[in-house]
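Breakdown of the fold
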2 protein chains.
Amino acid sequence: MSNLRCHISISADGFVAGPGQSEENPLGERGELLHGWAVSLAAWRAPHAREGGEENASSRIMAETLAGVGAGIMGRNMFGPIGGGDWGDGRWKGWWGDDPPYHNDVYVLTHHPREPAEMEGGTTYHFVTDGIERALERAKESAAGQDVRLWGGADVVNQYLAAGLLDELELHIVPILLGGGARLFEGLGGDVRLEQVRAVEAPGVTHVKYRPG
Amino acid sequence: MSNLRCHISISADGFVAGPGQSEENPLGERGELLHGWAVSLAAWRAPHAREGGEENASSRIMAETLAGVGAGIMGRNMFGPIGGGDWGDGRWKGWWGDDPPYHNDVYVLTHHPREPAEMEGGTTYHFVTDGIERALERAKESAAGQDVRLWGGADVVNQYLAAGLLDELELHIVPILLGGGARLFEGLGGDVRLEQVRAVEAPGVTHVKYRPG
């Protein structure tokens, strides 16, 4: 069975990106602090072609997030900074360079049609204009029995939660306050139920996994 | 050394009380769901004069929150529903009946002077009109070397955090979304730093302790 899973770093005050996101600052002000726990890990660095890194209680969590993923979904605002407009000259191909760390099909939710962009290393960006359910269908086809990873950002995760389509939500809760930015769970409420599956203490982060229902 | 400690239940979306708080519904809509993990514990029921209850990984956490506390502080809105006005006929003496579960001096932050209210069982409510720092001074005097417990609500915790006066903040993160209500960390940001001290997994709740700095 193919599940839709989201593993996302979040500040103690509930933001998954800082305020003032821009092309120069895609994670927003201080947003990079959300990811320090991950970037320090050998389990993250190796698949991102970086040397070194440490092992700690987060290592197996990181390995789990990366394992068994056959396709991905992300929002337009996570893919790039090109506001709400069309794709301009079509040269923007994401933040992640010619060889992105996905290595599978990534479905980008957008209102503006665009031809797929085939990258090095097995990543192909597909642009989906007919909604989150169709994106999930196509991603599951690509995943061929493996799971689909929902990368973010907050708005897209909130949409999948509201629609009852998310099977697993793991928060990596980082001890910082961002004071603004992209807020997870915004606009949701009691209609979305969460079951706590697991919590793991690690250096500088707490990993809490929920099963939405 | 006397520390100011806050241990507070919070929804996954960051609220410590639900929307629509009122005299009939002091915790706001669905706010009582924040406290189910605590009320189920023998470690909570015994000091609240209730029988039974269970033991689980939350039991020692609850015992720690209750131990070594010599005085308390709470906000006006936590003490009672009497809006921003004065004390009216002065008959309101908190939500907790004639024998409140505090058993020590509790300092209520308010803009309206009032004589102390001595209750049964060792609880006396003092009404402090000269600010959060003075309330803390007086509470530390009462505590006589033990810690001071900051009970809430969100606004008061946020004020003590902003002022750099809180020594320990433990969140009991409950797997529910409230969608509105009293939001912890509202209006704060990077000026408040948090160090993660500990995280503990327990049935239906994750306890994460921070040291603000």
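Just above sits the structure.
Values in this document were obtained by computation on a predicted structure and should not be read as measured data. (Residues numbered from 1 in each chain as written. Chains lettered and ligands numbered in written order. Predicted model: local features only at pLDDT ≥ 70, side-chain atom pairs only at ≥ 80, totals over all residues. Heavy atoms only, no water.)

**Observations concerning the nonpolar core**
A:Ile73, A:Tyr160, A:Phe185, B:Ile73, B:Tyr160 and B:Phe185 are the most contacted members of the largest nonpolar core, which totals 76 residues. If near-sequence neighbours (up to four positions away) are discounted, B:Tyr160 is found in contact with B:Leu4, B:Ile73, B:Leu109, B:Ile132, B:Ala135, B:Leu136, B:Leu150, B:Leu165 and B:Leu166. (Core = buried A, V, L, I, M, F, W, Y, C linked by side-chain atoms within 4.5 Å. Buried < 20%, exposed > 50% of the residue type's maximum accessible area, 1.4 Å probe, protein only. Contact = heavy atoms within 4.5 Å.)

**Here's the deal with the packing of aromatic side chains**
Within a pair of aromatic rings, the relevant descriptors are the distance that separates the centres and the angle that separates the planes. All names here are of chain A. The tally for this structure, following the rule as stated, stands at 14 aromatic pairs over all chains. Note on Phe-79 and Tyr-125: the rings are 4.8 Å apart at their centroids and 70° apart in plane angle, and the pair reads as edge-to-face. Of the two residues, Phe-79 sits in helix α4 (residues 76–79) while Tyr-125 sits in strand β6 (residues 124–128), which places them 46 residues apart along the sequence. The same class applies to Phe-79 and to Tyr-125, which are both buried. Aromatic pair Trp-96 and Tyr-102: ring centres 5.3 Å apart, planes at 80°, arrangement edge-to-face. The exposure class assigned to Trp-96 is partly exposed, which follows from its relative accessible area of 23%. A cation sits over an aromatic face here: Arg-76 above Trp-87, 3.9 Å from the ring centre. Above the plane of the ring of Trp-87 lies Arg-114, whose end atom (NZ or CZ) is 4.8 Å from the centre. (Phe/Tyr/Trp six-rings, centres within 6.5 Å; stacked < 30°, edge-to-face > 60°. Helix = DSSP H or I, 4+ residues; strand = E, 2+ residues; numbered from the N terminus. Lys NZ or Arg CZ within 6 Å of the ring centre and 35° of its normal.)

**Focus: the pairing of strand β11 (residues 205–212) of chain B**
Residue and element names in this part refer to chain B. For β11, a buried count of seven out of eight residues is recorded, marking the element as mostly surrounded by other parts of the structure. Bridge count for strand β8 (residues 168–174) against β11 is five bridges, and the pairing is antiparallel. Bridged to Leu-169 within β11 is Tyr-210. Judged from the eight bridges that link them, strand β10 (residues 194–202) and β11 form a sheet pairing that is antiparallel. Looking at the pairing, Arg-198 lines up with Lys-209 of β11. Hairpin connection of β10 to β11: two residues between the antiparallel strands, including Gly-204 at a positive phi of 70°. (Pairing = 2+ DSSP bridges.)

**Examining the sheet that holds strand β1 (residues 4–11) of chain B**
Hydrogen bonds along the backbone pair up the strands of a sheet, which may run parallel or antiparallel. All names here are of chain B. Overall, mixed pairing links the nine strands, which are arranged β5-β6-β4-β3-β7-β1-β8-β11-β10 in an open sheet. Edge positions in the sheet fall to β5 (117–118) and β10, since each of these pairs with one other strand and no more. Pairing of strand β4 (residues 105–109) with strand β6 (residues 124–128) involves five bridges; the strand directions are parallel. Bridge pairing links Asp-105 to Thr-124 in β6. Contacts from helix α5 (residues 132–143) reach β1, β3 (69–75), β4, β6 and β7 (147–152), with the element oriented near 155° to β3. Relative to β7, helix α6 (residues 154–162) is tilted by about 130°, and along the sheet it contacts β1, β3, β4, β7, β8 and β11. (Axes fitted to C-alpha atoms, helices over the stretch in contact; angles between N-to-C directions.)

**Examining the pattern of salt bridges**
Counting across every chain of the model gives 20 salt bridges over all chains. In this structure, B:Glu64 and B:Lys209 form a salt bridge, with 3.9 Å as the shortest nitrogen-oxygen distance. Taken together, the residues span a long stretch of sequence, with B:Glu64 in helix α3 (residues 58–66) and B:Lys209 in strand β11 at a distance of 145 residues. Judged by relative accessible area, which is 30%, B:Glu64 ranks as partly exposed. Among the salt bridges present, the one from B:Arg183 reaches B:Glu186, with a minimum N-O distance of 3.5 Å. Within the structure, one salt-bridge network assembled from shared partners comprises A:Arg60, A:Glu64, A:Glu168, A:Glu170, A:Arg198 and A:Lys209. (Salt bridge = Lys/Arg side-chain N within 4 Å of Asp/Glu carboxyl O.)

**Some remarks on α3(B)**
Residues and elements named next belong to chain B. Among the residues of α3, those classed as buried are Ser-58, Ser-59, Ile-61, Met-62 and Thr-65. Projected down its long axis, α3 carries its buried residues within an arc of 165°, all on one side. With its phi angle positive at about 70°, Gly-68 sits one or two positions after the end of α3. (Arc of directions from axis to C-beta.)

**A short note on the side chain of A:Arg114**
Residue and element names in this part refer to chain A. Here Arg-114 lies in the loop between β4 (105–109) and β5 (117–118). For the buried Arg-114, which has no salt bridge, the nearest side chain bearing the opposite charge is Asp-89, at an N-O separation of 7.5 Å. At 3.2 Å, the side chain of Arg-114 and the backbone oxygen of Gly-90 are in polar contact. Separated by 2.7 Å, the side chain of Arg-114 and the backbone oxygen of Trp-92 make a polar contact. With sequence-adjacent residues up to four places away left out, Arg-114 is seen in contact with Phe-79, Trp-87, Gly-90, Trp-92, Lys-93 and Phe-127. (Lys, Arg positive; Asp, Glu negative; His and termini not counted. Polar contact = N/O pair within 3.5 Å; in protein donor to acceptor, adjacent residues only side chain to side chain.)

**Concerning unusual backbone geometry**
Here the amide bond leading from A:Gly152 into A:Gly153 is cis, since omega sits at -5°, within 30 degrees of zero. Residue position: A:Gly153 is located in the loop between β7 (147–152) and α6 (154–162). Despite not being glycine, A:Phe185 shows a phi value in the positive range, around 70°. The phi angle at B:Ala49 is positive, at roughly 60°, despite the residue not being glycine.

Shape is all these values report; function is a separate question.
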